[in-house]
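Structural description and commentary
In case you want the letters, here they are:
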Amino acid sequence: MPLGKRQQTEEGGTRAGAGHGSGPPIVGGRRAMISAATGAVALVIAPLNREHGFGYLVAAVILAGVIQVALGALGVAKLMRFVPRSVMVGFVNALAILIFMAQVPEMHDVPWAVYPLIAAGLALMVFFPKATTVIPAPLVSIVILTVITVAAAIAVPTVGDKGALPSSLPVPGLPDVPFTMDTLTTIAPYAFPMALVGLMESLMTAKLVDEITDTHSSKTRESVGQGIANIVTGFFGGMGGCAMIGQTMINVKVSGSRTRLSTFLAGAFLMVLCIVFGPVVSDIPMAALVAVMVMVSFATFDWHSIAPKTLKRMPAGEITVMVTTVVCVVATDNLAIGVVGSVTAMVIFAKRVAHLAEVTPVTTPDGSSVVYSVTGELFFASSNDLVGQFNYATDPDKVVIDLSAAHIWDASSVAALDAIETKYAQRGKTVEIIGLNDPSADLHGRLTGDLTSH
């Protein structure tokens, strides 16, 4: 069924699920997005494992999943609408930089044969798609480089040098911890930030995939799905995780995947490769994987965002937000810190609109009254300067404040209007407020007179 004919549901999702394909996802809300163990989650949860043991880590993963389900049900995913495009661009660019930086150690202090292998892998991924796109170029590159190194007995670092691969499937079970309040108080300080970090990274990744694929997804469903996945993972002894933007970019942008089958196969292939073909996977040269990830970082980076033509046209505030996001994420090596970009964007926005509230006085011909026309949005930032824009000493005895072209958003604005009335009253002058729209009149009526002690 075409996307345009599906009945739209919450947050742009559809009854048939997000993206293309038949049938809804089992619990997730964003097709083609891969979730697994991530560095951001590991950064939060690793200290618990180090200080209290593996059982507490598993218990925290389960609790984090429960928290994510609760937050998803409460609609926390709707906050993603406050993440501006400049933050998303910075998030993506930071990811590309981190992916590339992660490959640098694999190119340092290694046999000389590694460098031509990396160059060959990059060449294959650039030129092979010109011949055919039926077989993914990264797969071709990995297979060819592995065959070359094995056949020629080239001594280079391999996947097996990084550690042993698992040889059996995990079995479900309860975490090995006492089920007491002390355990809960121990794991909660780790479970809650894990839940927030996981949701943040997952929802930002989902929004990014939405833009790349030009499809919608249900962020609420994705939040609940991430929680259910972590609960199940915990009962199988996993460390938990969230959406993996790096693997997702390979799946969506490099491989062109769009359906939930791609994510299922990604996990299934990984399981089969580890358990059945572990010895073969161990022989894959790290140079092949480095070449793939370098290509991924190049494809992930939004080069248009730093083009001179774009930077010339882009508002300074947008550039600041993008750069702040990149710097914070790269400096901390934590994608979850990308939220700083959203905070920066909000500060810049508040500063920008704070100057949009204008006050224009017009004195009546007979000089008996003055009408102040207020234009703009009145909230905590703009209302701070409102009090100083009235001539309390020289104005006539009757003052009219016309808010027909303004809107009151918060208690700070009501308090500012009360302060203005108080200053005029101290001089024996009366103030009449007119032109309030219904929401502003309701807020002003409920709060006026109750916000100051004088």
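Up top is the structure.
Residues numbered from 1 in each chain as written. Predicted model: local features only at pLDDT ≥ 70, side-chain atom pairs only at ≥ 80, totals over all residues. Heavy atoms only, no water.

Turning our eyes to something else, we now look at the overall build of the chain. Scanning the chain from terminus to terminus reveals 16 helices and 6 strands. Against the 2.2 N^0.38 benchmark of 22 Å for 454 residues, the chain shows a C-alpha radius of gyration of 29 Å, more extended than a compact globule. By principal-axis analysis of the C-alpha atoms, the chain measures approximately 100 × 60 × 50 Å. Sorting the 454 residues of the chain into buried and exposed places 44% on the buried side. When contacts within the chain are restricted to residue pairs at least 6 apart in sequence, those whose partners lie at least 24 apart make up 80%. By element, 67% of the accessible surface of the chain is carried by carbon and sulfur atoms, the whole surface being about 23000 Å². (Helix = DSSP H or I, 4+ residues; strand = E, 2+ residues; numbered from the N terminus. Rg over C-alpha atoms; globule rule 2.2 N^0.38 Å. Buried < 20%, exposed > 50% of the residue type's maximum accessible area, 1.4 Å probe, protein only. Contact = heavy atoms within 4.5 Å. Areas by Shrake-Rupley, 256 points an atom, 1.4 Å probe, with all protein chains shown as cover.)

So, about the nonpolar core. One finds Val114, Ile118, Met125, Leu208, Ile245, Met249 and Ile284 to be the most contacted residues of the largest nonpolar core, which totals 38 residues. Every element with two or more residues in this core is listed here: helix H3 (85–103), helix H4 (114–131), helix H5 (137–151), helix H6 (181–213), helix H8 (245–254) and helix H11 (286–300). A total of 9 residues in this core trace back to one element, the largest contributor, which is H11. Counting 22 residues, the second largest nonpolar core, distinct from the first, contains Val44, Leu63, Ala64 and Ala191. (Core = buried A, V, L, I, M, F, W, Y, C linked by side-chain atoms within 4.5 Å.)

Right, let's get into the sheet that holds strand E6 (residues 430–434). The strand order across the open sheet formed by 4 strands is E3-E4-E5-E6, and the pairing between neighbours is mixed. Both outer strands of the open sheet, strand E3 (358–363) and E6, are each paired with one neighbouring strand and no more. Taken over all neighbouring pairs, the strand axes of this sheet differ in orientation by 20° on average, direction set aside. Sheet analysis places strand E4 (residues 369–378) next to strand E5 (residues 398–408), joined by 9 bridges and oriented parallel. Across the sheet, valine 371 pairs through a bridge with valine 400, a residue of E5. (Pairing = 2+ DSSP bridges. Axes fitted to C-alpha atoms, helices over the stretch in contact; angles between N-to-C directions.)

To continue, consider the side chain of serine 223. Within the secondary structure, serine 223 sits in helix H7 (residues 219–235). Excluding anything up to four places from it in sequence, serine 223 contacts Gln68, Gly72, Ala77, Leu199 and Leu203.

Positionally, alanine 42 belongs in helix H1 (residues 39–52). By relative accessible area, alanine 42 is classed as partly exposed at 26%. Setting aside chain neighbours within four positions, we find alanine 42 in contact with Pro47 and Met239.

Quick look at unusual backbone geometry now. Positive phi outside glycine occurs at alanine 32, with the angle close to 70°. Note that alanine 32 resides in the segment before strand E1 (35–36). Exposure remark for alanine 32: the relative accessible area of 1% places this residue in the buried category. Positive phi values are uncommon outside glycine, yet alanine 153 reaches one of about 55°. Turning to its location among the elements, alanine 153 is positioned in the loop between H5 and H6.

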